[in-house]
Amino acid sequence: MASAAGASIRERQTVALKRMLNFNVPHVKNSTGEPVWKVLIYDRFGQDIISPLLSVKELRDMGITLHLLLHSDRDPIPDVPAVYFVMPTEENIDRMCQDLRNQLYESYYLNFISAISRSKLEDIANAALAASAVTQVAKVFDQYLNFITLEDDMFVLCNQNKELVSYRAINRPDVTDTEMETVMDTIVDSLFCFFVTLGAVPIIRCSRGTAAEMVAVKLDKKLRENLRDARNSLFTGDTLGAGQFSFQRPLLVLVDRNIDLATPLHHTWTYQALVHDVLDFHLNRVNLEESSGVENSPAGARPKRKNKKSYDLTPVDKFWQKHKGSSLPELLEKKRLIDLHTNVATAVLEHIKARKLDVYFEYEEKIMSKTTLDKSLLDIISDPDAGTPEDKMRLFLIYYISAQQAPSEADLEQYKKALTDAGCNLNPLQYIKQWKAFAKMASAPASYGNTTTKPMGLLSRVMNTGSQFVMEGVKNLVLKQQNLPVTRILDNLMEMKSNPETDDYRYFDPKMLRGNDSSVPRNKNPFQEAIVFVVGGGNYIEYQNLIDYIKGKQGKHILYGCSELFNATQFIKQLSQLGQK
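Residues numbered from 1 in each chain as written. Predicted model: local features only at pLDDT ≥ 70, side-chain atom pairs only at ≥ 80, totals over all residues. Heavy atoms only, no water.

A. Fine view of empty space enclosed by the protein. Roughly 80 Å³ of volume is contained in the second largest cavity. Along the walls of the second largest cavity sit P264, H266, T268, A273, H276, D277, N539, Y540, I541, F566, N567 and A568, which together make up its complete lining. Sorting the residues of the lining of the second largest cavity by element identifies α9 (271-278) and α19 (540-551) as the ones contributing at least two each. When residues of the lining of the second largest cavity are assigned to their parent elements, the largest contribution, three residues, is made by α9. Counted by class, the lining of the second largest cavity contains six nonpolar, five polar and one charged residues. Inspection of the lining of the second largest cavity shows a minimum of three residues originating in each of domain 2 (149-260 + 484-576) and domain 3 (271-289 + 308-443). (1 Å grid on protein atoms, 1.4 Å probe; cavity = no way out; pocket = protein on both sides within 12 Å on 5 of 7 lines; lining within 4 Å. Points joined across faces, edges and corners; volume = space filled by probe spheres on them. Helix = DSSP H or I, 4+ residues; strand = E, 2+ residues; numbered from the N terminus. Nonpolar A, V, L, I, M, F, W, Y, C, P; charged D, E, K, R; others polar. Domains from an automatic or database assignment.)

Right, here's the structure in full:
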């Protein structure tokens with residue numbers, strides 16, 4: 001939320017990590033002298049938080065000579081301080097106590113990603129006493145950093161154990177109340193950490209009768225309790241980034257994935273979302289299989305062995321930022337980046353050609369914007385050359401979700417036969433059928449409204465059409481700039497527009513002494529800053545849609561967050577598990 005005074009969430013989390021690596025003393029950039037050499041011990045959660053933000057070189061500049069996983073075999077380095085960054089779990093604490101007993105390091109700076117309970121803290125104290133290592137345990141800190149920042153304006157709750165907060169976990173028909181409580185508490189703990197790091201107490205809005213509402217109620221309560229406890233409140237004094245939001249607080253819009261199930265299945269046409277859809281891309285790193293060898297090798301020749309390569313697509317990567325606006329750095333860097341993106345774009349393009357993804361994208365856009373369809377859905381499903389069984393399933397589900405009138409039983413049977421013949425697994429459809437019947441009782445289907453058209457070629461922009469190979473045999477499509485449901489909901493709530501879709505959204509203000517259950521906002525002014533958080537999983541398509549929307553709003557900022565980030569393949573898999581009888 002890079003307001004004039006404030007810093008983006010990415011910067012704020014990075015500063016917090018650097019302070020932690022500097023023994024919890026603010027890190028001064030140009031201080032003279034060598035940094036203190038130390039080792040960093042993290043668990044998988046800590047690793048996932050640090051890796052999108054700090055490179056190995058940056059860690060070294062901070063004096064980190066070694067970074068090791070907590071549960072790996074580690075040799076004693078008795079003359080070096082150790083900085084720990086881990087979740088406060090039973091097994092982690094046992095292992096830290098063991099380190100104390102084995103006197104592995106000179107001193108121990110224990111940092112917990114999320115707040116540690118009193119009883120676990122006592123366990124550490126006892127272990128330190130028993131190991132006569134009390135003086136060595138230099139500091140114990142709760143860092144409140146239990147979320148992963150991927151972009152200046154995008155974050156996700158977790159990567160490890162993400163199935164615990166997945167769409168499926170929330171929507172399982174047999175989920176017990178206790179399990180649901182656990183899921184909600186996990187989400188709320190991370191959101192709480194997010195707001196502590198942001199240094200702001202939001203106004204919360206959410207839809208009724210959804211998992212998003214459960215999150216809102218719990219988050220409101222947690223923020224409220226922390227604000228009441230004046231001595232230990234995390235929202236006072238210097239944490240508030242010198243009053244970054246003193247004049248205005250951000251809006252938090254909690255939406256439920258169920259308001260729009262079509263978008264996560266959509267075949268997309270923007271670079272980042274395509275990379276996520278067709279390649280192996282997570283936590284800002286893309287893994288590619290490169291076919292080394294000649295394209296037009298004689299028929300029957302053995303395909304060349306594939307090399308695996310991985311690239312980091314980071315917000316620091318100017319090329320990625322520009323094509324995701326700035327002159328590129330020196331030539332070599334430019335060449336490296338262009339090679340990288342040529343490789344990535346080529347890999348994406350191979351998928352587009354092989355699976356006719358341009359046809360899918362165009363057809364789905366028409367379905368979602370209720371435009372007349374030029375060819376029949378059955379033809380695409382039955383065309384053996386068009387896409388994988390999964391592509392066909394995604395297309396059909398979008399059609400089924402977006403249809404005002406569900407197809408007749410007879411038509412549905414015909415579609416099901418065609419899908420089965422094409423090799424599709426029908427489980428996802430089972431679930432979507434139940435979902436649609438239920439959603440119909442609850443509310444009208446989400447519309448994907450038509451707004452202005454603005455032409456946007458695909459990879460032609462990425463490559464500046466410098467190379468002819470790029471678009472051959474692929475339609476150069478125009479992207480219509482339409483607001484997706486999530487963006488529309490944000491627009492209503494941020495601009496204080498009256499709209500039947502959002503008029504009954506609940507309103508929470510954790511700073512009000514008495515919580516009141518109302519949909520009536522006290523504040524009638526539009527918000528300058530907002531966080532949209534999707535309970536049940538998000539995607540790069542929505543993120544991009546929100547970014548495009550806010551570009552047209554002077555001086556406003558938004559952040560997009562989600563309980564997990566999935567692509568269509570991962571989402572279909574969850575729908576399939578939900579649909580299994």
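B. Quick peek at unusual backbone geometry. Positive phi outside glycine occurs at Q103, with the angle close to 45°. Here Q103 shows up in the loop between α4 (90-101) and β4 (105-112).

C. How the structure looks around the packing of helix α7 (residues 177-198) against helix α8 (residues 211-228). Close contact between α7 and α8 brings their axes to 9 Å; oriented N to C, the two are set at 50°. Here α8 runs oblique to α7, going by the angle between their axes. Note on packing geometry: the crossing formed by α7 with α8 is right-handed. Of α8, the residues touching α7 (which contributes M180, E181, M184, D185, I187, V188, D189, L191, F192 and F195) are A211, M214, V215, K218, L219, K222, L223 and N226. (Axes fitted to C-alpha atoms, helices over the stretch in contact; angles between N-to-C directions. Parallel < 35°, antiparallel > 145°, perpendicular 65-115°, else oblique. Left-handed = near helix turned anticlockwise from the far one by under 90°. Contact = heavy atoms within 4.5 Å.)

D. Molecular detail of the side chain of E213. Along the chain, E213 falls in helix α8. A distance of 2.6 Å separates the side chain of E213 from the backbone nitrogen of G209, its partner in a polar contact. Ignoring any residue separated from it by four or fewer positions in sequence, one finds E213 in contact with C206, S207, R208 and R506. (Polar contact = N/O pair within 3.5 Å; in protein donor to acceptor, adjacent residues only side chain to side chain.)

E. Expanded view of the packing of aromatic side chains. For the structure shown, the criterion picks out 20 aromatic pairs. An aromatic cluster is built from F147, F155, F194, F195 and F533, whose rings are joined through pairwise contacts. Positioned above the aromatic ring of F23, the side-chain terminus of K38 is 5.0 Å from the ring centre. The ring of F192 has K222 sitting right over it, with the charged end atom 5.1 Å from the ring centre. (Phe/Tyr/Trp six-rings, centres within 6.5 Å; stacked < 30°, edge-to-face > 60°. Lys NZ or Arg CZ within 6 Å of the ring centre and 35° of its normal.)

F. Helix α15 (residues 409-421), seen in detail. Compared with an ideal rise of 1.5 Å per residue, which puts 13 residues at 18 Å, α15 spans 18 Å between its outermost C-alpha atoms and is within 8% of the ideal. Taken as a whole, α15 has its buried residues at L412, Y415, K416, A418 and L419. End-on, the buried residues of α15 take up no more than an arc of 165°, which puts them together on one face. Within α15, the exposed residues directed more than 90 degrees away from the buried face are A410, K417 and D421. Positive backbone phi, at 90°, marks G423, one or two positions downstream of α15. (Expected span 1.5 Å × (residues − 1). Buried < 20%, exposed > 50% of the residue type's maximum accessible area, 1.4 Å probe, protein only. Arc of directions from axis to C-beta.)

G. Region of interest: the nonpolar core. Ranked by internal contacts, the top residues of the largest apolar core, which has 72 residues, are F85 and V344. A total of seven residues in this core trace back to one element, the largest contributor, which is α19. Membership of the second largest hydrophobic core comes to 40 residues, among which are C193, V196, I531 and V535. (Core = buried A, V, L, I, M, F, W, Y, C linked by side-chain atoms within 4.5 Å.)

H. Broad picture of the sheet that holds strand β3 (residues 77-86). On the basis of which strands lie adjacent, the open sheet formed by five strands has the order β2-β1-β3-β4-β5 and parallel pairing. Edge positions in the sheet fall to β2 (64-69) and β5 (137-142), since each of these pairs with one other strand and no more. Strand-to-strand twist in this sheet, taken as the mean axis angle between neighbours without regard to direction, amounts to 20°. Looking at chain direction, β4 and β5 are connected through five bridges and run parallel. By the bridge assignment, Y109 is partnered in β5 with K139. (Pairing = 2+ DSSP bridges.)

I. Highlighting the sheet that holds strand β13 (residues 506-508). In spatial order, the strands read β6-β7-β15-β14-β9-β8-β13; together these seven strands make up an open sheet with mixed pairing. Lying at the two open borders of the sheet, with one neighbouring strand each, are β6 (148-151) and β13. Direction aside, the axes of adjacent strands within the sheet are offset by 20° on average. Relative to strand β7 (residues 154-156), β6 runs antiparallel, the two sharing three bridges. Residue pairing across strands places T149 opposite F155, the latter belonging to β7. Sheet strands in contact with α7 are β7, β9 (251-256), β14 (529-535) and β15 (557-562), and its direction is about 165° off that of β14. Packed onto the sheet, helix α18 (residues 485-494) meets β8 (203-206), β9, β14 and β15 and runs at close to 145° relative to β9.

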